[in-house]
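Here is how the chains run, residue by residue.
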Amino acid sequence: MMNKQDLKNLKKRYLIWFYKTTKEALDKIERKFTQVDIDRFILKELKKADKEKTIAPFIAQFEDCIRRKEQEGFSLKFENKQPKPHYIFLVLKLQAIEKAIARELGKKALEEIKLLYELEMTERILRSTEH
């Protein structure tokens, strides 16, 4: 028979896993839009800096990349200009998981889990050797 602390630890690990997997799925969609926003700013800066049109072919490539990324984001998130049911499901699921974490472990634990998730994602980026 498990004691209360062991049961709480099991629930905590499950909730962390559930949060992480759901948040990753949602982030996979949302990051397309945040990246495009940043990419457009960078594109504008590159165009301003390239007065001689020296890097114009690279800028054009970057513009194509941004366009593809935006199209991919829209196809993941929208259908006929409406959010896809799968996207809505992920948003609502994440909200429900966050409520479950707050109920089971407290609001402070929810903030801690969110912070741990951000740290993990940032560490993944910094450790990555992909280009």
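As shown above, the structure is provided for reference.
Small disclaimer: the values here were computed from a predicted structure and weren't measured. (Residues numbered from 1 in each chain as written. Predicted model: local features only at pLDDT ≥ 70, side-chain atom pairs only at ≥ 80, totals over all residues. Heavy atoms only, no water.)

Draft legend 1. Examining the overall build of the protein chain more closely. For the protein chain, the helix and strand inventory stands at four helices and two strands. Reading the protein chain from its N end, one meets helices and strands in the order α-α-β-β-α-α. The C-alpha atoms of the protein chain give a radius of gyration of 20 Å, which is well past the 14 Å a tight globule of 131 residues would have. Considered along the principal axes of its C-alpha atoms, the protein chain spans approximately 75 × 35 × 25 Å. Across the 131 residues that make up the protein chain, the buried fraction comes to 22%. Taking contacts inside the protein chain between residues at least 6 apart in sequence as the whole, the part at least 24 apart equals 69%. A distance of 5 Å separates the average location of the 30 positive side-chain charges in the protein chain from that of its 22 negative side-chain charges. (Helix = DSSP H or I, 4+ residues; strand = E, 2+ residues; numbered from the N terminus. Rg over C-alpha atoms; globule rule 2.2 N^0.38 Å. Buried < 20%, exposed > 50% of the residue type's maximum accessible area, 1.4 Å probe, protein only. Contact = heavy atoms within 4.5 Å. Lys, Arg positive; Asp, Glu negative; His and termini not counted. Charge placed at Lys NZ, Arg CZ, Asp CG, Glu CD.)

Draft legend 2. Structural view of the nonpolar core. Counting residues in each nonpolar core, the largest one holds 15 residues, and the members touching the most others are Tyr19, Leu26, Ile101, Leu105 and Ile113. For this core, the elements supplying multiple residues, two or more each, are helix 1 (4-49), helix 3 (85-105) and helix 4 (107-127). For this core, the element with the highest residue contribution is helix 3, accounting for six residues. With residues near it in sequence (within four places) discarded, Leu105 still touches Lys8, Lys12, Leu15 and Ile113. (Core = buried A, V, L, I, M, F, W, Y, C linked by side-chain atoms within 4.5 Å.)

Draft legend 3. Seen up close, the environment of Ile42. Structurally, Ile42 can be placed in helix 1. Residues Ile42 and Asp27, 15 residues apart in the sequence, show an inter-C-alpha distance of 21 Å.

Draft legend 4. Representation of the layout of surface pockets in the model. If you add up the space inside the largest pocket, you get close to 470 Å³. Counting residues per element, the lining of the largest pocket draws most heavily on helix 1, at nine residues. Residues of the lining of the largest pocket, tallied by class, amount to four nonpolar, three polar and eight charged. (1 Å grid on protein atoms, 1.4 Å probe; cavity = no way out; pocket = protein on both sides within 12 Å on 5 of 7 lines; lining within 4 Å. Points joined across faces, edges and corners; volume = space filled by probe spheres on them. Nonpolar A, V, L, I, M, F, W, Y, C, P; charged D, E, K, R; others polar.)

Draft legend 5. Here's a closer look at the packing of aromatic side chains. Taken as a whole and judged by the stated rule, the model has seven aromatic pairs. Three or more aromatic residues link up through ring pairs in this structure, and these residues are Tyr14, Trp17 and Phe18. Positioned over the ring face of Phe33 is Lys77, at 4.9 Å from the centre of the ring. (Phe/Tyr/Trp six-rings, centres within 6.5 Å; stacked < 30°, edge-to-face > 60°. Lys NZ or Arg CZ within 6 Å of the ring centre and 35° of its normal.)

Draft legend 6. The side chain of Lys32, seen in detail. Secondary-structure assignment places Lys32 in helix 1. The residues contacting Lys32, other than those within four sequence positions of it, are Lys69, Glu72, Gly73 and Leu76.

Draft legend 7. Molecular detail of the side chain of Lys77. As for its placement among the helices and strands, Lys77 is situated in helix 2 (residues 56-77). A residue is classified by how much of its surface remains accessible, and Lys77, at 13% relative accessible area, is buried. Separated by 3.0 Å, the side chains of Lys77 and Glu30 make a polar contact. At 3.4 Å, the side chain of Lys77 forms a polar contact with the side chain of Tyr87. Discounting chain neighbours no more than four positions away, the residues touching Lys77 are Ile29, Glu30, Phe33, Gln82, Pro83, Lys84 and Tyr87. (Polar contact = N/O pair within 3.5 Å; in protein donor to acceptor, adjacent residues only side chain to side chain.)

Draft legend 8. Quick look at unusual backbone geometry. Phi at Asn80 is positive, roughly 55 degrees, even though this residue is not glycine. Relative to the assigned elements, Asn80 resides in the loop between strand 1 (78-79) and strand 2 (82-83). The exposure class of Asn80 is exposed, given its relative accessible area of 72%.

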